[in-house]
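In case you want the letters, here they are:
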Amino acid sequence: MSYLQIVYASRPFGFDASTLLSILFHARAHNAQSEVTGCLICRDDIYLQLLEGPAHSVRRIYGKIQQDDRHVEVTELLRHDVSERLFGKWAMRDDPVQSWMWTREQINAGAFNHATTEEVMGIFQRLAQQVSETEE
């Protein structure tokens with residue numbers, strides 16, 4: 001089976017813990033119904049999200065995100081078809097950004113606009129590996 005993966009970056013508008021919890025609560029409920037899985041990396045200056053699943057469902061959810069006023073400067077970083085999901089067990093895995101993520105200065109300079117596909121996917125592949133290791 002083929003799945004669509006979309007990765008985007010955006011800047012949070014009005015970021016706080018309650019906003020994040022609201023996003024995660026709704027994402028998990030809607031994504032599970034739509035057979036979409038993924039991961040949201042977040043901090044007060046960036047959201048970096050990978051969505052994966054049936055193409056029509058991923059496109060629909062991404063379209064809603066683009067219209068969501070909690071996101072500013074939504075930038076699609078990659079879109080491709082894959083045969084396997086990275087986060088197949090997670091309606092929406094969340095993760096606070098680790099030290100290997102871009103610095104605040106790099107974000108302000110537009111680091112995600114210049115990142116290669118390998119760099120962006122490497123972030124999510126490391127998270128998926130961490131998830132696999134903790135489940136064993």
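Model, not experiment: these values are computed from the prediction.

Trainee: Lay out the overall build of the protein chain with the relevant residues and their values.
Mentor: Scanning the protein chain from N- to C-terminus turns up 5 helices and 5 strands. Reading the helices (α) and strands (β) of the protein chain from amino to carboxyl end gives β-α-β-β-α-β-β-α-α-α. Among the 136 residues that make up the protein chain, the fraction classed as buried is 47%. Summed over all atoms, the accessible surface of the protein chain reaches about 7300 Å², with 50% contributed by carbon and sulfur.

Trainee: Would you mind going over the environment of Ile123 in detail, with residue names and values included?
Mentor: For Ile123, the location among the structural elements is in helix α5 (residues 117-135). Using a relative accessible area of 4% as the deciding quantity, one classes Ile123 as buried. When the C-alpha atoms of Ile123 and Leu48 are compared, they prove to be 9.6 Å apart, with 75 residues separating the residues in sequence.

Trainee: Which residues make up the nonpolar core, and what values go with them?
Mentor: Formed by 21 residues in total, the largest nonpolar core has its most connected members in Val7, Leu48, Trp102 and Phe124. Mapped by element, the contributors of at least two residues to this core are β1 (3-12), β2 (37-43), β3 (46-53), β4 (71-82), α4 (111-114) and α5. For this core, the leading source of residues is α5, giving 6 residues. Among residues more than four places away in sequence, those in contact with Trp102 are Arg43, Ile46, Leu48, Ile107, Ala111, Phe112, Ala115 and Ile123.

Trainee: Please provide a residue-by-residue account of the layout of surface pockets, values included.
Mentor: The calculated volume of the largest pocket comes to roughly 320 Å³. As for the largest pocket, its lining consists of 17 residues, of which His26, Ala27, Ile61, Ile65 and Arg70 are closest to the centre. Broken down by secondary-structure element, the contributors of at least two residues to the lining of the largest pocket are α1 (17-34), β3 and α2 (55-67). Considering each element in turn, the lining of the largest pocket owes the most residues, 5 residues, to α1. Looking at the lining of the largest pocket, its residues break down into 8 nonpolar, 5 polar and 4 charged.

About the thresholds
- Residues numbered from 1 in each chain as written.
- Predicted model: local features only at pLDDT ≥ 70, side-chain atom pairs only at ≥ 80, totals over all residues.
- Heavy atoms only, no water.
- Helix = DSSP H or I, 4+ residues; strand = E, 2+ residues; numbered from the N terminus.
- Buried < 20%, exposed > 50% of the residue type's maximum accessible area, 1.4 Å probe, protein only.
- Areas by Shrake-Rupley, 256 points an atom, 1.4 Å probe, with all protein chains shown as cover.
- Core = buried A, V, L, I, M, F, W, Y, C linked by side-chain atoms within 4.5 Å.
- Contact = heavy atoms within 4.5 Å.
- 1 Å grid on protein atoms, 1.4 Å probe; cavity = no way out; pocket = protein on both sides within 12 Å on 5 of 7 lines; lining within 4 Å.
- Points joined across faces, edges and corners; volume = space filled by probe spheres on them.
- Nonpolar A, V, L, I, M, F, W, Y, C, P; charged D, E, K, R; others polar.

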